[in-house]
Amino acid sequence: MRPWHPLLALLVCCFCCATDKAGTDSLDTNVPTEQPQSGKVRVTEVSVEGNENDYTFSVTLESPDTGCAQYADWWEIIGLDGTLIYRRILTHSHVGEQPFSRAGGPVNIGENIQVYVRAHMNNTGYGSSVFKGSVATGFLSEELDPKFAKELESQVPLPSGCAF
């Protein structure tokens, strides 16, 4: 049998990739999507400014907000041991603003302290798409079991309601 010409193989590859991105049927059903899991919030970016023990974190979230019945109600910074370090309460839904970023601080940690940055939905709990890292090394996307340190869901501060 005659081998495929390299340019033909490239053309087939490009056609398949373009077809997948256009949203048509694909044979590979395990292709990860960039959409939030059903009812779950994703952390998509973390940036930090400031000085040691006085940082401001800016966290970008993507969430399937529908209004006060379903919205991302906080993001938080936790230690690798599950200790709550900082929580930024979100007071309203972001239906028409996706993804969205909110800053919070001051965050009292050293530049080399490794932490998780994760987010929470009012009705479905923690998402598994988090960021892990330190101010010194930066933050990278990672998966974390949503049940990790789940008891923090009842620890103050907590939202007092949803404005809209």
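Overview of the overall build of the protein
Phase 1 of the analysis: For the protein, the helix and strand inventory stands at 1 helix and 9 strands.
Phase 2 of the analysis: Listing the helices and strands of the protein from first to last along the sequence gives α-β-β-β-β-β-β-β-β-β.
Phase 3 of the analysis: When burial is assessed residue by residue, the protein has 37% of its 164 residues classed as buried.
Phase 4 of the analysis: Pairs at least 24 residues apart make up 60% of the contacts formed inside the protein by residues separated by at least 6 positions.

Details of the nonpolar core
Phase 1 of the analysis: Ranked by internal contacts, the top residues of the largest apolar core, which has 21 residues, are Val 46, Phe 57, Val 59, Leu 61, Trp 75, Ile 77 and Val 117.
Phase 2 of the analysis: Secondary-structure elements contributing two or more residues to this core are strand S1 (42-51), strand S2 (54-62), strand S3 (72-79), strand S5 (100-107) and strand S6 (115-121).
Phase 3 of the analysis: With residues near it in sequence (within four places) discarded, Ile 77 still touches Phe 57, Thr 83, Leu 84, Ile 85, Tyr 86, Val 107, Val 115, Tyr 116 and Val 117.
Phase 4 of the analysis: Ranked by size, the runner-up nonpolar core spans 9 residues in total, among them Leu 84, Tyr 126, Leu 144 and Leu 152.

So, the packing of aromatic side chains
Phase 1 of the analysis: Applying the stated rule across the entire model yields 4 aromatic pairs.
Phase 2 of the analysis: Arranged with centres 5.7 Å apart and planes meeting at 70°, the rings of Phe 57 and Phe 139 form a pair that is edge-to-face. With Phe 57 in strand S2 and Phe 139 in strand S9 (residues 138-143), the pair connects residues that are 82 residues apart, well separated along the chain. Residues Phe 57 and Phe 139 agree in their burial class; the two are buried.
Phase 3 of the analysis: Ring centres of Trp 74 and Tyr 126 lie 6.3 Å apart, and the angle between their planes is 70°; on these two criteria the pair is classed as edge-to-face. Of this pair, Trp 74 sits in strand S3 while Tyr 126 sits in strand S7 (residues 125-126), and the two are 52 residues apart along the sequence.
Phase 4 of the analysis: Judged by relative accessible area, Trp 74 falls into the buried class, the value being 2%.
Phase 5 of the analysis: Of note, Arg 87 hangs over the ring of Trp 74, and the distance from its end group to the ring centre comes to 4.1 Å.

Remarks on the sheet that holds S2
Phase 1 of the analysis: The 3 strands are arranged S1-S2-S5 in an open sheet whose pairing can be described as antiparallel. One side of each edge strand has no neighbouring strand; the edge strands of this open sheet are S1 and S5. Between one strand and the next, the sheet's axes are offset by a mean angle of 20°, whatever the strand orientation.

Rules used in this analysis
- Residues numbered from 1 in each chain as written.
- Predicted model: local features only at pLDDT ≥ 70, side-chain atom pairs only at ≥ 80, totals over all residues.
- Heavy atoms only, no water.
- Helix = DSSP H or I, 4+ residues; strand = E, 2+ residues; numbered from the N terminus.
- Buried < 20%, exposed > 50% of the residue type's maximum accessible area, 1.4 Å probe, protein only.
- Contact = heavy atoms within 4.5 Å.
- Core = buried A, V, L, I, M, F, W, Y, C linked by side-chain atoms within 4.5 Å.
- Phe/Tyr/Trp six-rings, centres within 6.5 Å; stacked < 30°, edge-to-face > 60°.
- Lys NZ or Arg CZ within 6 Å of the ring centre and 35° of its normal.
- Pairing = 2+ DSSP bridges.
- Axes fitted to C-alpha atoms, helices over the stretch in contact; angles between N-to-C directions.

Bear in mind that shape data such as this cannot, by itself, settle questions of function.
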